Amino acid sequence: MLRVVMYHYVRDFARSRFPRLKGMELDAFVRQVDALRETHDMATLESALAFLGGKYQPQRPLCLLTFDDGTREHFESVTPILQERSIQGLFFLVTGAIDEQRVVNVHQNHFLMADMEFQDYQQKFLAALKSVQPAPLPEVDQATVAKTYRWDTPEVAAFKYMLNFQLSEEIKNQVLGQLFAQHFGDPAAFSRELYVQWDEARQMQAAGMLLGGHTHAHQALATLTEEEQKRDLARCMELLQANLAPQAVWPFCYPYGKPNSFNATTKTALQQLGFACSFSTIVGDNEPGEDLFAIRRIDPKDVPQPA
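Let me sum up the structure you'll find in this document. The structure displayed is predicted, hence computed values, not measured ones.

Digging into the pattern of salt bridges
Where charged atoms of side chains with opposite charge meet at close range, the side chains can pair. With the rule as written, the count across this model stands at 22 salt bridges. When the shortest N-O distance is used, the salt bridge between Arg31 and Asp27 registers 3.7 Å. Taken together, the residues span about one helical turn, with Arg31 and Asp27 both in helix H1 (residues 26–39) at a distance of four residues. With relative accessibility at 54%, the residue Arg31 sits in the exposed group. Between Arg85 and Asp34 there is a salt bridge, with its nearest N and O atoms 2.7 Å apart. Of this pair, Arg85 sits in the loop between helix H3 (72–84) and strand E6 (89–93) while Asp34 sits in helix H1, and the two are 51 residues apart along the sequence. We classify Asp34 as partly exposed; its relative accessible area is 26%. What you see here is one network of salt bridges that share partners, running through Asp34, Arg37, Glu84 and Arg85.

The following block contains the structure:
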């Protein structure tokens, strides 16, 4: 069995600028990694792919650690912890966030939610949205919403689903950009503080970590046309190869990661570009023979607690 754990923000939230941001506390992360080492063989991408291809049978279940979005703490805090324990982490970068010094929509939303009470933020967002899109949005299946955002309240889950899957990129940029600038000022300065930079990513590689793609613009790929998908993914791979040290394999990770966020077009484009595999957020463990471009993962909250 291959268990892949996915992490996003990993930091000391109480001492940070945004204590209400959702993620994993750094000390809890250390305890979880050490607990996983007690019960699993800690995988590299090479050993994980060998297992999934039926070419390697470990003595114990395999565990692979993955980190989405390329935030600064992955370089400053997470990499030293993994390097000390001789564990390879897979870190997925949003290349546009680094190369264009911008804060992608999903992270603008996270930090606005962390900075305001949700009701206040929702009211401001919907007021701004009404001015640019007065037509009501279509109804969505609540079971899909709950499954997509299973750790959120129904109200927050519905808001996130609307933002990430129902609104056009143009409208999201307009509404979120306006609110984000009002609260945080220059997005370029915020971006440089939030994300790993190319020189830091190369240092992570030198420390034994593996870097991969998380698209160029962090959009749900299945909402794009075939040409838009190919253009985004090609730019992502181009920037990875131009700015990082060579790697024998390049992994990928889907933004949002549920089955409605990628499709057969996405998988074909990734394979044509030379990505070796891709990780979803479909919940579960993995066995040999499964689709290398829909590898399942679990949230840190899904990891069984030690007795």
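After that view of the structure, there is still more to cover.
Thoughts on the environment of Leu2
Inspection of the secondary structure puts Leu2 in strand E1 (residues 2–7). Exposure remark for Leu2: the relative accessible area of 1% places this residue in the buried category. On a C-alpha basis, the gap between Leu2 and Phe51 in space is 7.8 Å, while along the polypeptide they are 49 residues apart. When sequence neighbours within four positions are dropped, the list of residues in contact with Leu2 reads Ala48, Phe51, Leu52, Leu62, Leu64, Asp285 and Asn286.

The rules we used
- Every chain is numbered independently, its residues counted from 1 as its sequence is written.
- Local features in this predicted model are restricted to residues whose pLDDT is 70 or higher, and side-chain atom pairs enter the listing and the counts only when it is 80 or higher, whereas totals over whole chains, interfaces and linings include all residues.
- Water and hydrogen atoms were dropped before computing side-chain values, which therefore reflect all heavy atoms in the structure.
- Put simply, a salt bridge is a Lys or Arg side-chain nitrogen that is within 4 Å of an Asp or Glu carboxyl oxygen.
- Secondary structure is summarised from DSSP: a helix means a run of H or I of at least four residues, a strand means a run of E of at least two, and numbering begins at the N terminus for each.
- Relative accessible area decides the class of each residue, using a 1.4 Å probe on protein chains only: under 20% of the type maximum gives buried, over 50% gives exposed, and in between gives partly exposed.
- Residue contacts are counted whenever heavy atoms from the two residues lie within 4.5 Å of one another.

Everything listed is a geometric property; what it means functionally is a separate question.
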